[in-house]
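Observations on chain architecture
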Amino acid sequence: MIQARNIHKRFGELEVLKGIDLDIPDGRITAIVGPSGAGKTTLLQILGTLSAPEPGGSLRFGGTDSTGMNDRRLSRFRNDNIGFVFQFHQLLPEFTLVENVAMPALIGGASMAEATARATALLERLGLADRRSHRPSELSGGECQRAAVARALVNKPAIVLADEPTGSLDSANRTSLHRLFFELRDELGATFAIVTHDEGLASDADVTVHMSDGRIAGVRGLDGRYMRK
């Protein structure tokens, strides 16, 4: 799904990523783990085209190279192909749940009827049909985060990128959301790359990428073997 090669990232004099080569397999869950400051979130932002790597790095989605796109084309590509789930749900408080979930589809040019239908179907699948007219302030943290997953899926993206998606949840909601990712992988063939400190999620993922000090320290691959870099 994603091929990242020679990814470096600097912020001033600080080199955060120091030559990352990474493949994200299609239809699988890849967990990215490591200590704070390892560069996990910076890498996820680059994989999501929210930040650009230093010159010389490349990022391919299937056969498409995103590194040469201008801002307008990149924004369209991102909306069509990438879904995002953050640690805090980032739902817009003035909109209902179904309006929040439908937003990326509307941005992508879908009609209100089509966007609402897609959003409603996802909310039903995620057990939130009876909450579709509620605003985020009227929902629990677990419900808001499930709605954020629905929003990430509404455009049927090639990949969903998640940054500590269970980090703000209690243990029951964390387990529920963890289970949901695997159900969506199996039912929809969805591809996920997830930055996490959740050891249970990391151990159950199809692929686990261990980062340290801006580099990949090792990868547990689809065959279950661990390869040190």
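Above: the structure in question.
I will try to describe carefully the structure that is included in this document. (Residues numbered from 1 in each chain as written. Predicted model: local features only at pLDDT ≥ 70, side-chain atom pairs only at ≥ 80, totals over all residues. Heavy atoms only, no water.)

1. With respect to the packing of helix α3 (residues 97-107) against helix α5 (residues 141-153)
Our working rule: Inter-axis angles, ranging from 0 to 180 degrees, are taken between N-to-C directions of lines fitted to C-alpha atoms, where helices are fitted over the stretch in contact. A helix here means a DSSP run of H or I that spans at least four residues, while a strand means a run of E at least two residues long, and both kinds are numbered starting from the N terminus. Geometric relationships in this document are graded by angle, where less than 35 degrees denotes roughly parallel, more than 145 denotes roughly antiparallel, 65 to 115 denotes roughly perpendicular, and other angles denote oblique. Note on convention: near helix rotated counterclockwise from far helix by under a right angle means a left-handed crossing. Clockwise means right-handed. Residue contacts are defined here by distance: any two heavy atoms, one from each residue, within 4.5 Å place the two residues in contact.
At a minimum axis separation of 7 Å, α3 and α5 run at an interaxial angle of 30°. As summarised for this structure, α3 and α5 are arranged roughly parallel, according to the angle between their axes. The hand of the α3/α5 crossing is right-handed. Here Leu 97, Asn 100, Val 101 and Pro 104 of α3 come into contact with α5, specifically with Ala 147, Ala 150 and Arg 151.

2. Some remarks on the layout of surface pockets
Note the cut-off: The rule is simple: put a 1 Å grid over the protein atoms alone, call a set of points where a 1.4 Å probe fits but cannot get out a cavity, call an open set with protein on both sides within 12 Å along at least five of seven lines a pocket, and count a residue as lining if it has an atom within 4 Å of a point. Grid points are joined across faces, edges and corners, and a volume is the space filled by probe spheres set on the points. In this classification, the charged set is Asp, Glu, Lys and Arg, the nonpolar set is Ala, Val, Leu, Ile, Met, Phe, Trp, Tyr, Cys and Pro, and all remaining amino acids, among them Gly, are polar.
Each pocket or cavity is described by its volume, and for the largest pocket that value is around 360 Å³. Together, 16 residues line the largest pocket, and Asn 79, Ile 82, Gly 83, Phe 84 and Pro 104 are the ones closest to its centre. Of all the elements in the fold, those that place two or more residues in the lining of the largest pocket are α2 (71-81), β6 (82-85), α3 and α5. Among the residues forming the lining of the largest pocket, the class breakdown is nine nonpolar, five polar and two charged.

3. Points about empty space enclosed by the protein
With the rule as written, the count across this model stands at one cavity of 30 Å³ or more. Estimated volume of the largest cavity: approximately 30 Å³. Lining the largest cavity, in full, are Gly 142, Arg 146, Leu 169, Asn 173, Ser 176 and Leu 177. Counting only elements with at least two residues in the lining of the largest cavity, the list comes to α5 and α6 (171-188). If you tally residues by element for the lining of the largest cavity, the top one is α6, at three residues.

4. Some remarks on the pattern of salt bridges
Our working definition: Each salt bridge in this description consists of a side-chain nitrogen of Lys or Arg and a carboxyl oxygen of Asp or Glu lying within 4 Å of one another. Each residue gets one of three labels from its accessible area relative to the maximum for its type: buried under 20%, exposed over 50%, partly exposed in between, using a 1.4 Å probe on protein chains only.
The final tally for this structure, using the stated rule, is 14 salt bridges. The salt bridge involving Arg 131 is made with Asp 130; its shortest N-O contact spans 3.5 Å. On the basis of relative accessible area, Asp 130 is assigned to the exposed category, the value being 55%.

5. A few points about the sheet that holds β6
Put simply, the rule reads: For two strands to be treated as a pair, DSSP must find at least two bridges joining them.
Taking strand neighbours across the sheet as the criterion, the seven strands line up as β6-β7-β8-β3-β9-β10-β11 in an open arrangement whose pairing is mixed. Among the strands making up the open sheet, the edge pair consists of β6 and β11 (226-228). Averaged over all neighbouring strand pairs, the angle between strand axes comes to 20°, with direction disregarded. By the bridge criterion, five bridges tie strand β9 (residues 207-212) to strand β10 (residues 215-220) in an arrangement that is antiparallel. Across the sheet, Val 209 pairs through a bridge with Val 219, a residue of β10.

6. Quick word on the sheet that holds strand β4 (residues 58-61)
Pairing is antiparallel in the open sheet, where four strands are placed in the order β2-β1-β4-β5. Each edge of the sheet is formed by a strand with only one pairing partner; in this case those strands are β2 (14-24) and β5 (64-65). Of the strand pairs in this sheet, β4 and β5 are connected by two bridges, and their pairing is antiparallel. From the neighbouring strand, Arg 60 faces β5, where its bridge partner is Asp 65. Where helix α1 (residues 40-47) meets the sheet, its contacts fall on β1 (2-11), β2 and β4, and the angle it forms with β2 comes to roughly 60°.

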